[in-house]
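Listed below, chain by chain, are the residues.
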Amino acid sequence: MEPPVQKTNPGPNVYFEGLPRGRMAAIPRLSTRILNRAGPARTPEDGSSEFMKALFGKAGLDISGYRNAALARREAACLRGLGARNAAEGLEILRRFPERIPSAIDSVLLGVTGFFRDGPIFSYLKSGLIPLLRERRGERLRVWSAACSTGQELYSVAMMLEEAGLLDRCELVGTDFRPEALALAKAGVFHGAHFGKTKQAEFPENPGPGPVWKMPATLAGRVEWRCRDLLTEMEAGPWDVILWRNMGIYLVPAAAHALWLRLAAELRPGGFLITGKAEQAPADCGLHRLAPSVYQKPGPLSQSIYAA
Ligand SMILES: C[S@@+](CC[C@H](N)C(=O)[O-])C[C@H]1O[C@@H](n2cnc3c(N)ncnc32)[C@H](O)[C@@H]1O
């Protein structure tokens, strides 16, 4: 059932319904664990379990791209979500009720995300990257959040672009493999839980634990959400900014490396690739590190940076 939405008209000073702009300063400290809590850790002795192999096969995802340990940690939670007592029961449920495959995948591919997640990275985007984008006068700016989960990351960038007066020139696309996450992103309605534990204290105007914040149409209407398997499908570039954050950490090195190369190839010369805190570009992907988690593809548009 769709959660009820608090209806108010966002005025010019309001990003979310019920959330005045001045409060945005508090958001970088908040992050959200969207999906199920981690189940008990279990290390497979010889690769992925038969259950996981069957689940990924049925979902059309290549399991060989993912780290076994990361998948094994999610197996118990996935089986619980299916209501199965063991892997054999889980397999049977998947066989008899294929419509449950998306939610089973949902419980395995962790969608942890948050608004302005990793504050220092977003601070750099605001003070370092947005001014560089502004210099590209008159050009259309293309921004892609690859593996966007429920969309808070891309909405955070959209808010910054709006504040900088650049939003009208932007094309914003978010992609993920999980349709349920994308549906939430598209609805643009975020519960208190999506903002983290400190929400009640930080946002006293929030009337309670129910859904509160709805992205205003000026932002939500500008973003396109697409269901894509990033291991096999690229959004055609050239992109000015690609956010690829906190997905590579779940991949085996070869799959992560291949994605670095393919994402770098989709960047416009002078374009930026933004990663998670724990992710580092391989030397052979040809990107120049500007700041922690911020990379640029060399090209005519990057000269001013190198000269600086
Ligand atoms: C931890 S979340 C990261 C969300 C956001 N980028 C952030 O850092 O806040 C990882 C996301 O990767 C997505 N993902 C995993 N494998 C994928 C694939 N093959 N194709 C597309 N998305 C995938 C998951 O569905 C999940 O939403």
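Everything quoted here is computed from the prediction, not taken from an experiment. (Residues numbered from 1 in each chain as written. Predicted model: local features only at pLDDT ≥ 70, side-chain atom pairs only at ≥ 80, totals over all residues. Heavy atoms only, no water.)

1. Considerations on the confidence of the model for the chain
Definition in use: Each residue gets a pLDDT score, which is the predictor's confidence in that residue and runs from 0 to 100. Here, residues are in contact when the closest pair of their heavy atoms is within 4.5 Å.
Mean pLDDT over the chain stands at 81; residues scoring 70 or higher make up 76%. Per-residue pLDDT stays below 50 along residues 1-46; that stretch engages in 118 contacts with residues further than four places along the chain or on separate chains. Across residues 197-207, where pLDDT falls below 50, the model places 28 contacts with residues more than four positions away in sequence or in other chains.

2. Considering the site of the ligand
Selection rule: Near, as used in this document, describes a residue that has one of its heavy atoms within 4 Å of the molecule or strand being considered. A 3.5 Å cut-off defines polar contacts: any pair of N or O atoms within that distance qualifies, except that in protein one atom must be a possible hydrogen donor and the other a possible acceptor, and neighbouring residues in sequence count only when both atoms are side-chain atoms. Areas reported as accessible are Shrake-Rupley estimates using a 1.4 Å probe. Residue values count occlusion only from the protein chains shown. Note on residue categories: nonpolar means Ala, Val, Leu, Ile, Met, Phe, Trp, Tyr, Cys or Pro, charged means Asp, Glu, Lys or Arg, and polar means any other residue, Gly included.
Taken together, 21 residues are adjacent to the ligand, and Tyr66, Thr113, Asp176, Arg178 and Asn246 come closest. One of the backbone nitrogen or oxygen atoms of Phe177 is found 3.3 Å away from a nitrogen atom of the ligand. Arg245 is positioned such that a nitrogen or oxygen atom in its backbone is 3.0 Å from a nitrogen atom of the ligand. Protein coverage of the free-state accessible area of the ligand, which is 600 Å², stands at 98%. In terms of residue class, the shell around the ligand is made up of 10 nonpolar, four polar and seven charged.

3. What to know about the sheet that holds strand β9 (residues 267-275)
Here is the rule: Strand pairing is assigned whenever DSSP detects at least two bridges linking the two strands. Each helix is a run of H or I in the DSSP string that is no shorter than four residues. Each strand is a run of E no shorter than two, and both are numbered from the N terminus. Geometry is summarised by axes, namely lines fitted to C-alpha atoms with helices restricted to the contacting stretch, and by angles between N-to-C directions that run from 0 to 180 degrees.
Read across the sheet, seven strands follow the order β7-β4-β3-β8-β9-β11-β10 without closing on themselves; strand pairing throughout is mixed. Looking at strand neighbours, the two that pair on one side only are β7 (223-227) and β10 (288-291), the edges of this open sheet. Going from strand to strand, the sheet's axes swing by 20° on average, the running direction of each strand aside. Here six bridges tie strand β3 (residues 141-146) to strand β4 (residues 170-176), and the two strands are oriented parallel to one another. Among the inter-strand pairings, Val143 is bridged to a residue of β4, identified as Leu172. Sheet strands touched by helix α7 (residues 179-187): β4 and β7. Its angle to β7, the strand with the most contacts, is close to 170°. Against the sheet, helix α10 (residues 253-266) contacts β3, β8 (239-244), β9 and β11 (294-296), and its axis sits at roughly 140° relative to β9.

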